[in-house]
Amino acid sequence: MNHNEHNPNRHPLADLYTPEITARFERIRNRPVAIEVNQLRKTFYHKKQENLVLGGIDFNAHQREFMCVVGPSGCGKSTLARTIAGLETHDSGDMIVAGSHVSGPGPDRGMVFQKYTLFPWMSVKKNVMFGLVQSGQDKADAERDALQWIDLVGLSKYAESYPHQLSGGMQQRVAIARALAAQPKVLLMDEPFSALDPQNRAKMQQYLLEIWQNIDITILFITHDLDEAVYLSDRVLVLDAHPGRVREILEVPLPRPRPIELMLSDEFQATKRYLESLVHPPITHLDVEEKLSMVQMVPVDSEVPNIF
Amino acid sequence: MSLLPKTWFVPRAPLDVRSRYFLIFSSFLLPLFIWSLVSYVPQLWHPKIEITDSGDAGYLRVGMLVDKEIFYREVEKKESEGKVAPEGFPSNPVYLPAPHEVATALYTAFTTPPKRSNEPWLHESLLHSIQVIAWGFFWAVLIGVPLGILAGTYEAFAKLIEPFTEFFRYLPAPAFGALAVAILGIYDAPKIAIIFIGTVFQMILIVANTTRKLSPALVEAALTLGCNGASLLKRVIVPGVLPDLYRDMRILLGWAWTYLIVAELIGTSSGITWFITQQARYKNFDNVFAAILIIGVIGLVTDLILAWLGRRLFPWNNSK
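Computed from a predicted structure; not experimentally measured.

A closer look at the overall build of chain B
Check the secondary structure of chain B and you find 11 helices and 3 strands. For chain B, the N- to C-terminal ordering of α and β elements is α-β-β-α-β-α-α-α-α-α-α-α-α-α. Since a compact globule built from 320 residues should have a radius of gyration of about 20 Å, the 27 Å found for chain B marks it as more spread out than a globular shape. When the backbone C-alpha atoms are referred to their principal axes, chain B occupies close to 100 × 65 × 35 Å. Across the 320 residues that make up chain B, the buried fraction comes to 39%. Of all intrachain contacts in chain B linking residues separated by at least 6 positions in sequence, the fraction that spans at least 24 positions is 68%. Surface exposure of chain B reaches about 18,600 Å², of which carbon and sulfur atoms provide 68%.

Shown next, in the form of structure tokens:
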């Protein structure tokens, strides 16, 4: 990014980059690369119609970085996460996660989904043990590790409960613990909090930041909530739609750690406004199709003739 | 509508406890009530006359059932000739015994020894039927469930297994009776085979569909945790579909009972079907009804027990 004052193409947020923030991004850039995505292309076929969802995506995420992916609907942000997870095939390009090429799903890339995906027939503890047992760890070790992870997400009391006995937020916390227990290099999160109410969501965001700070994990977080993206990210990957391409990779000009009050600051709001302008270009006029053909349907002699 | 509780007519609303038990009892009492009406109120139907005194009409015997029309013609004829008219009372045909007769038969069928010493008692017949069903169903589960789960999990297996299964399930199982006897002899084996054929093809398709209904998100979550192949089947797919599979088996067990009657007519007639045909031949329709009722009771009780067991086995599924 060019921070030169005399450059007419100067970045709109350039003023917000304090020396500390710039220095931090410098340090992040010098870390090893955890996710490397090169020219990733992916087409969906539906009824003989081709739909290019990912039209050549390039980006890197560094070790222990928190990166959010935002973009208008249809930009393929979920598809990107699923492709990196190995749950979707791709046409061309390649992805390297922690030094190895991605071909199919594997335990080195944990994933937390939007839907609740805890195994309903297993207790919380058994759910968290799932990946550990799968990797061949013996039962007693796996159980001890699982209980530590459950403690980390603050659900020790519920270790023996079944998922249906937990609230949505608690289920997602267990899902995070389950993914992290398998010791992945990166954690892919596909709109994990979008089903939660705003209060729970804010709480979960703080939980997540706290967990992320304390363990060696790189997070790629898909969201459509720009507040969430600004609050959580080191950098935000902004995608364009049809086809999905990288619009910009924005270094969020906010210091860390980030108290919740930071969301009210001018820097935060400016960053969010800027993202808004990238993701949702200003609406000048409604499309003809989008315009409702409404006429006044309230009788003139109605007791409340208008809403004003 | 004020006569009946309002909640009865709110779509999908839960009933209060009293209404619930009231309706459950009515569900059985209503048919019984209609049956009793038809049996005990002569004005309703009773198309026959049971003769109590044949009078001068020589061909009428005491206890014989004749059509009303014929009886009254005979009465008129005898009266006009000045002879003694036959007497009798309105009655239903022999194939519709009254509830109390069936109830008595239900009891006596178990206490009456068989007519010939080499014939089985009713409970022996029943036990034999249950054995045939159990074996037929056992083999169907052994083959049908694994194939269904494979077809529901892997598209390749689905394409290999399902088209032929779809074709075969339209072939009526009883049509294989003669073939089954030729291959397997005349005793239990062909009967078990008919129940197997009647059940297994439906089972494969139903299990495959149930397996497909398992949330793909659970499978994906397992994949990202390093679980795949046989391990995925064992740790995620099978336990994930188990409660629904159990429910499918309960429904299919009902199907197996419907094939039983046909199956038992193949080769040497046996089991409850033998009992029913034998009793029908003697015109003991009260016994026929009793036997049919017993099948219903066995089916219902088995299902209730299995449902109860299911809630115990899959406590995590109760929230659904």
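Once the structure has been displayed, the description carries forward.
Topic: the pairing of strand S7 (residues 186-190) of chain A
All names here are of chain A. When you tally the buried positions in S7, you get 5 out of 5 residues, the bulk of the element. Every second residue of S7 is oriented toward a common face, with Val186, Leu188 and Asp190 on one face and Leu187 and Met189 on the other, all of them buried. In this structure, strand S6 (residues 109-112) lies alongside S7, joined through 4 bridges in parallel fashion. By the bridge assignment, valine 112 is partnered in S7 with methionine 189. Here S7 runs beside strand S8 (residues 218-222); their pairing, made up of 5 bridges, is parallel. Looking across to S8, one finds that methionine 189 is bridged to phenylalanine 221. Following the chain from S7 across helix H6 (residues 198-214) to the adjacent parallel S8, one finds a crossover that is right-handed.

A few points about a nonpolar patch on the surface
A cluster of nonpolar side chains, namely B:Leu30, B:Phe33, B:Ile34, B:Leu37, B:Leu44, B:Trp45, B:Val94 and B:Tyr95, defines an oily patch on the protein surface of about 790 Å² accessible area. Inspection of the secondary structure puts B:Leu30 in helix H1 (residues 17-40).

Points about the domain arrangement of chain A
Residues and elements named next belong to chain A. We note that the domain assignment places domain 1 (1-108 + 184-252) and domain 2 (118-181) within chain A. Just the C-alpha atoms count here: the centres of domain 1 and domain 2 sit 27 Å apart. Summing both sides of the interface, domain 1 and domain 2 together bury roughly 930 Å²; the carbon and sulfur share of this comes to 83%. Looking only at domain 1, the three residues that lose the most surface to domain 2 are Met204, Tyr207 and Ile211, adding up to 41% of its buried area. Scanning the region where domain 1 abuts domain 2 turns up 0 salt bridges. Looking at side-chain class alone, the side of domain 1 that touches domain 2 contains 12 nonpolar, no polar and no charged residues.

Remarks on unusual backbone geometry
Residue and element names in this part refer to chain A. Residue histidine 242 is joined to proline 243 through a cis peptide bond whose omega torsion reads -10°. Within the secondary structure, proline 243 is located in the loop between strand S9 (235-240) and strand S10 (245-251). A positive phi angle is found at lysine 48, which is not glycine, with a value near 65°. Overall, the relative accessible area of 86% leaves lysine 48 in the exposed class. The phi dihedral of glutamine 183 is positive, around 55°, even though this residue is not glycine. Turning to its location among the elements, glutamine 183 is positioned in the loop between helix H5 (168-181) and S7. According to the relative accessible area criterion, glutamine 183 is exposed, its value standing at 54%.

A look at the sheet that holds S7(A)
Residues and elements named next belong to chain A. Read across the sheet, 6 strands follow the order S6-S7-S8-S3-S9-S10 without closing on themselves; strand pairing throughout is mixed. Each end of this open sheet is capped by a strand with a single partner; those strands are S6 and S10. Neighbour to neighbour, the strand axes of the sheet diverge by 20° on average, direction disregarded. On top of the sheet, helix H8 (residues 266-279) reaches strand S3 (66-70), S9 and S10; it is set at about 175° to S10, its chief contact.

Observations concerning the packing of aromatic side chains
Here the structure, examined in full by the defined rule, presents 18 aromatic pairs over all chains. When the ring of B:Trp135 is compared with that of B:Phe138, the centres are 5.8 Å apart and the planes differ by 90°; the resulting orientation is edge-to-face. One end of the pair, B:Trp135, and the other, B:Phe138, are both in helix H4 (residues 122-153), 3 residues apart, so they sit about a helical turn from each other. On the basis of relative accessibility, which here comes to 40%, the residue B:Phe138 falls in the partly exposed class. An aromatic cluster of three or more residues is present, and its members are A:Phe119, A:Trp121, A:Phe130, B:Tyr246, B:Phe314 and B:Trp316. Against the face of B:Tyr21 rests B:Arg20, its NZ or CZ located 5.6 Å from the ring centre. If you follow B:Arg235 out to its NZ or CZ, it ends over the ring of A:Phe130, 3.9 Å from the centre.

What about the sheet that holds strand S2 (residues 65-67) of chain B?
Residue and element names in this part refer to chain B. Pairing in this open sheet of 3 strands is antiparallel, and the strands run S2-S1-S3 from one edge to the other. Across the chains shown, the open sheet's two edge strands, defined by having one partner strand only, are S2 and strand S3 (87-91). With direction set aside, neighbouring strand axes in the sheet form an average angle of 40°. As paired elements, strand S1 (residues 48-53) and S2 share 3 bridges and run antiparallel to each other. Bridge pairing links isoleucine 49 to valine 66 in S2. Strand contacts of helix H2 (residues 68-80): S1, S2 and S3, with the helix running at about 85° to S2, the strand carrying the most contacts.

Definitions and cut-offs
Numbering of residues starts from 1 in every chain and runs along the sequence as written. In the order they appear in the text, chains get letters beginning with A and ligands get numbers beginning with 1. Given that the model is predicted, a residue must reach a pLDDT of at least 70 before its local features are reported, and side-chain atom pairs must reach 80 or more before they are shown or counted; all residues, however, enter totals for whole chains, interfaces and linings. Water and hydrogen atoms play no part in the side-chain values, which are based on all heavy atoms of the structure. Put simply, DSSP marks the helices as runs of H or I at least four residues long and the strands as runs of E at least two long, and each gets a number from the N terminus on. In this description the radius of gyration comes from C-alpha coordinates, and the expected globular size is given by 2.2 Å times residues to the power 0.38. Here the term buried applies to any residue with accessible area under 20% of the maximum for its type, exposed to any over 50%, and partly exposed to those in between, with areas from a 1.4 Å probe on protein chains only. Whether two residues are in contact is decided by their heavy atoms: any pair within 4.5 Å suffices. We get accessible surface area from the Shrake-Rupley algorithm with a probe of 1.4 Å; when it comes to residues, only the shown protein chains can shield them. At least two DSSP bridges between two strands are needed for those strands to be called paired. Looking down the strands as they point away from you, a crossover is right-handed if its path from the first strand over the helix to the second goes clockwise. Exposure above 30% relative accessible area and the absence of a salt bridge qualify a residue for a patch, where like charges join within 9 Å and nonpolar side chains (Val, Leu, Ile, Met, Phe, Trp, Tyr) within 5 Å. When a carboxyl oxygen of Asp or Glu is within 4 Å of a side-chain nitrogen of Lys or Arg, the pair counts as a salt bridge. An automatic or database domain assignment provides the domain bounds reported here. Note on definitions: buried area is the accessible-area loss of two parts on being combined, 1.4 Å probe, summed for both. Throughout this entry, Asp, Glu, Lys and Arg are counted as charged residues, while Ala, Val, Leu, Ile, Met, Phe, Trp, Tyr, Cys and Pro are counted as nonpolar. The remaining residues, Gly among them, count as polar. An axis is simply a line fitted to the C-alpha atoms; with a helix, the fit covers only the stretch in contact. Between two such axes, the angle follows the N-to-C directions and lies from 0 to 180 degrees. Two aromatic rings, drawn from Phe, Tyr or Trp (for Trp, its six-membered ring), form a pair once their centres lie within 6.5 Å of each other, and the interplanar angle then sorts them: stacked below 30 degrees, edge-to-face above 60, tilted otherwise. Cation placement over rings: the criterion is NZ of Lys or CZ of Arg within 6 Å of the ring centroid and within 35° of the ring normal.

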